[in-house]
Amino acid sequence: MIRIVKIILAAVVAICLIAVAGVYALSEIRLSRTYDVAAADFSVKTTLPAEEAERRARTLMCGGCHHDAGNVLIDEPGVGRIVAPNMTRFVPMYSDAELVRLIRHGVKKDGTGAFIMPASNFANITDDDMAAIIAWMRSLKQLPDAVAGTTQWGPLGRIGLALDKIPFEADLVPAVITPAATRPADIGEYAFKTGCGHCHNLDTAKQSEAFLAPALKPLAQSYSAADFKTLLRTGKGVGGRDLGVMTEVSQWDFSHFTDVEIEQIQTYLARRP
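What you see is a predicted model, and the numbers here were worked out from it, not measured in a lab. (Residues numbered from 1 in each chain as written. Predicted model: local features only at pLDDT ≥ 70, side-chain atom pairs only at ≥ 80, totals over all residues. Heavy atoms only, no water.)

Draft legend 1. How the structure looks around the side chain of His 105. Counting through the fold element by element, His 105 comes out in helix H5 (residues 96-105). Every residue in contact with His 105, bar those within four places of it in the chain, is listed here: Val 37, Val 100, Ala 119, Glu 169, Ala 170, Val 173, Pro 174, Ala 175 and Ile 177. (Helix = DSSP H or I, 4+ residues; strand = E, 2+ residues; numbered from the N terminus. Contact = heavy atoms within 4.5 Å.)

Now the structure itself:
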């Protein structure tokens, strides 16, 4: 009987080890998947003053995720630790064409997919805003990493990768896109498509990788113009409520919208059919 038990235990251990090895191998295959998206030449150069180029780049959420020199986006036991890298260090490693491919398609220099970076929204960034982003990023002084280490996946994250249940933005963007040349005068819809829509739906709540975000249309309708401006300037809800990710992104990025742009955004969200 003891011998049989030992054989069974050995078999169970062997099966577990094979399963762990299989999950690891499949997750590595998913992480190393490459995308056949060409890094097309990007010849557009900005004519904007440096301050305006930075302002536009920040309204497109660069700082909210990456901060000044890297930032931990998700740190969940068992799932993993997802790090937005230090832009000041990795941008010099990319050509302009490779940066455009990364931002609009979510495809990194080596052809693999970026995780979380909202390329399906950034695919809508106009050429003049893209030029502003690149000019601003290239002007940044290189800083030491603010976060130790890089993205690491835990066992649950590895299982999700192995089963292809973890979304990569590169899967959502067509290989060929035709962005508009210039930023529209009324940025209401543009702001939703390039930024807000990554976390929020208009009419229903949206579950993202890390949180449940409320529907934007009823929110925009319920806020006064002054409270909505406070929301985008400070990330604080009515009554000064801290809104977590929204608070952080607003303070880093959305605070750079002009008063007119904030009014345009609220008008679009509130009146959208």
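Draft legend 2. A look at the UniProt feature "domain: Cytochrome c" (unreviewed entry) in the protein. Mapped onto this structure's residue numbering, the UniProt feature "domain: Cytochrome c" (unreviewed entry) falls at residues 35-141 and 183-273. Secondary structure within residues 35-141 divides into 43% helix and 10% strand; the distance between the first and last C-alpha atoms comes to 31 Å. (UniProt positions renumbered as here; feature names shortened; annotations may be inferred.)

Draft legend 3. Focus on the packing of helix H9 (residues 188-199) against helix H13 (residues 259-271). Running from amino to carboxyl end, H9 crosses H13 at an angle of 80 degrees, the nearest separation of the two axes being 7 Å. For the element pair H9 / H13, the angle class is roughly perpendicular. On the side of H9, the interface is formed by Gly 188, Glu 189, Ala 191 and Phe 192, while H13 contributes Gln 264, Ile 265, Tyr 268 and Leu 269. (Axes fitted to C-alpha atoms, helices over the stretch in contact; angles between N-to-C directions. Parallel < 35°, antiparallel > 145°, perpendicular 65-115°, else oblique.)

Draft legend 4. Looking closely at the nonpolar core. Phe 228 and Leu 269 are the most contacted members of the largest nonpolar core, which totals 44 residues. The leading source of residues in this core is helix H7 (residues 127-139), at 6 residues. Beyond its immediate stretch of four places on either side in the chain, Leu 269 contacts Phe 192, Leu 202, Leu 216, Lys 217, Ala 220 and Phe 228. Listed in part, the 12 residues of the second largest apolar core include Val 37, Ile 82, Ile 116 and Phe 168. (Core = buried A, V, L, I, M, F, W, Y, C linked by side-chain atoms within 4.5 Å. Buried < 20%, exposed > 50% of the residue type's maximum accessible area, 1.4 Å probe, protein only.)

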